[in-house]
Amino acid sequence: MFYRVTILGRLEMAFVSEEEKTEDYLFKIVLIGDSAVGKSNLLARFARDEFYPNSKSTIGVEFQTQKMDINGKEIKAQIWDTAGQERFRAVTSAYYRGAVGALLVYDISRRQTFDSIGRWLNELHTHSDMNVVTILVGNKLDLRDAREVSTAEGKTLAEAQGLFFMETSALDSSNVAAAFQTVVKEIYNILSRKVMISHELKKQDPSLNGETLVLQGDEDQQSGTEAKKGGCCSS
Ligand SMILES: Nc1nc2c(ncn2[C@@H]2O[C@H](COP(=O)(O)OP(=O)(O)OP(=O)(O)O)[C@@H](O)[C@H]2O)c(=O)[nH]1
Ligand SMILES: [Mg+2]
């Protein structure tokens, strides 16, 4: 039996079983930003502790599931990666569908990639939801001598847009895990508040005795079938 809670936007990917001990969480997180800012290498560093000095542009969509420990709970972050370059990208709406977190990446040594942030935010909000937990990531922190975007500029933009902010280096690992953890922790905190509310609801109405709690937001503009294709909702 299932019941649904719709409180904050679209938390479709959060699956929680009723038993405290077997709670299982799966969060879909998307990587976005211009080509060659280092999205795939951030994921490779985070998921496998690898770095590719000469990586090629991503073609289509890839994802990796990474287990994380947040407040003693095991969380699975399903991190999606696609090409920054339009012509290599797969169906955009499917990529974003069901996402509850996003890393919006630019390269601190290429201002042009920072200037694109507004466009990426528009795309994110068009295809997902204003409530997607988002961090602005200035990558390639190791290229200090070639820096074109100051830390202050990044921070200011993040504050103006209500985003978390961090500078990272996939090359030397600086802040890579921290950036992913910031997003996952915040999603978890939002979810925990909802779980508490749902437990309260259950107390008030014992007929809601489901085995699984599905936190789900408003239906997408797209069809349900397509939504199933885009989201990957097993845990
Ligand atoms: N110095 C430095 N180079 C990096 C860093 N992260 C990635 N790179 C390099 O930047 C280039 C592009 O990295 P990718 O991870 O392929 O970039 P991407 O954003 O996935 O690019 P697309 O798939 O085309 O969208 C590669 O040559 C990487 O080795 C970093 O933190 N520091
Ligand atoms: Mg890539």
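Residues numbered from 1 in each chain as written. Chains lettered and ligands numbered in written order. Predicted model: local features only at pLDDT ≥ 70, side-chain atom pairs only at ≥ 80, totals over all residues.

Colleague: Explain the site of ligand 1 to me, please; I cannot follow it from the model alone.
Modeller: The environment of ligand 1 is made up of 23 residues, and the closest members are Gly38, Ser40, Ser57, Thr58 and Gly84. Here the residues of the shell around ligand 1 sort into 8 nonpolar, 12 polar and 3 charged. (Near = placed C-beta within 6 Å. Nonpolar A, V, L, I, M, F, W, Y, C, P; charged D, E, K, R; others polar.)

Colleague: Sorry, what's going on with the sheet that holds strand β5 (residues 73-82) here?
Modeller: Picture the strands of a sheet paired through backbone hydrogen bonds; they go either parallel or antiparallel. One open sheet accounts for 6 strands, arranged β4-β5-β3-β6-β7-β8; its pairing is mixed. Of all the strands in the sheet, the pair left with one neighbour each is β4 (61-70) and β8 (164-167). Neighbour-to-neighbour, the strand axes of this sheet turn through a mean angle of 25°, independent of strand direction. The pairing of strand β7 (residues 133-139) with β8 spans 4 bridges and is classified as parallel. Residue pairing for β8: valine 137 is matched across the bridge by methionine 166. The strands touched by helix α6 (residues 176-204) are β3 (25-32), β4, β5, β6 (101-107), β7 and β8; relative to β7, the strand with the most contacts, the crossing angle is about 170°. (Pairing = 2+ DSSP bridges. Helix = DSSP H or I, 4+ residues; strand = E, 2+ residues; numbered from the N terminus. Axes fitted to C-alpha atoms, helices over the stretch in contact; angles between N-to-C directions. Contact = placed C-beta atoms within 7 Å.)

Colleague: Would you explain the packing of helix α1 (residues 39-48) against α6 in this entry?
Modeller: Axis angle and axis distance: for two packed helices, these are the angle between their axes and the distance between the axes, and together they describe the pair. One way to put it is that α1 packs onto α6 with a least axis distance of 9 Å and a crossing angle of 90°. Relative to α6, the element α1 lies roughly perpendicular. Facing Leu42, Arg45 and Phe46 of α1, the residues of α6 in contact are Val176, Ala177 and Phe180. Its residues placed into classes, the contact of α1 with α6 shows 5 nonpolar, no polar and 1 charged. (Parallel < 35°, antiparallel > 145°, perpendicular 65-115°, else oblique.)

Colleague: Would you mind going over unusual backbone geometry with me for this structure?
Modeller: Peptide bonds are trans in most cases, and residues, glycine excluded, mostly fall at negative phi. Located in the positive-phi region is alanine 36, a residue other than glycine, with phi close to 70°. Tracing the backbone shows alanine 36 in the loop between β3 and α1. The phi dihedral of lysine 140 falls on the positive side, at around 70°, and the residue is not glycine. Among the structural elements, lysine 140 can be located in the loop between β7 and α5 (151-161).

Colleague: How should I be thinking about the nonpolar core in this particular structure?
Modeller: Among soluble globular proteins, nonpolar side chains are generally buried collectively. In this structure, Ile29, Val30, Leu31, Leu103 and Leu104 are the most contacted members of the largest nonpolar core, which totals 45 residues. Every element with two or more residues in this core is listed here: β3, α1, β5, α2 (92-96), β6, α4 (117-127), β7 and α6. Considering each element in turn, this core owes the most residues, 8 residues, to α6. Residues contacting valine 30, with those up to four places away along its chain left out, are Trp80, Tyr95, Tyr96, Ala99 and Ala102. (Core = buried A, V, L, I, M, F, W, Y, C linked by C-beta atoms within 7 Å. Buried ≥ 20, exposed ≤ 12 C-beta atoms within 10 Å, placed from the backbone.)

Colleague: Is there a simple way to think about the pairing of β6 in this case?
Modeller: When a strand is regular, its side chains alternate between the sheet's two faces. When you tally the buried positions in β6, you get 7 out of 7 residues, the bulk of the element. Side-chain alternation along β6 places Gly101, Leu103, Val105 and Asp107 on one buried face and Ala102, Leu104 and Tyr106 on a second face that is also buried. Sheet topology note: the β6/β7 ladder contains 7 bridges and is parallel. Bridge pairing links alanine 102 to threonine 134 in β7.

Colleague: Is there a simple way to explain the environment of aspartate 81 in this structure?
Modeller: Here aspartate 81 is to be found in strand β5. Of the residues examined, aspartate 81 has 24 C-beta atoms within 10 Å and is grouped as buried. The spatial distance from the C-alpha of aspartate 81 to the C-alpha of glutamine 64 is 8.5 Å, given a sequence separation of 17 residues. Excluding its chain neighbours within four sequence positions, the residues that come into contact with aspartate 81 are Leu31, Lys39, Ser40, Leu43, Thr58, Glu62 and Phe63.

Colleague: I would appreciate a short explanation of α6 in the present structure.
Modeller: Spanning 29 residues, α6 covers 43 Å between terminal C-alpha atoms, matching the ideal 42 Å at 1.5 Å per step. If you check which residues of α6 are buried, you get Val176, Ala179, Phe180, Val183, Val184, Ile187, Tyr188, Leu191 and Ser198. (Expected span 1.5 Å × (residues − 1).)

Colleague: Help me understand the pairing of β5 in this model?
Modeller: For β5, a buried count of 7 out of 10 residues is recorded, marking the element as mostly surrounded by other parts of the structure. Direction of pairing for β3 relative to β5: parallel, over a ladder of 7 bridges. Bridge pairing in β5 places phenylalanine 27 opposite alanine 77. The sheet contact formed by β4 and β5 spans 10 bridges and is antiparallel. By the bridge assignment, glutamine 64 is partnered in β5 with isoleucine 79. Between the antiparallel neighbours β4 and β5 lie 2 residues, among them asparagine 71 with a positive phi of about 50°.

These figures capture arrangement, not role.
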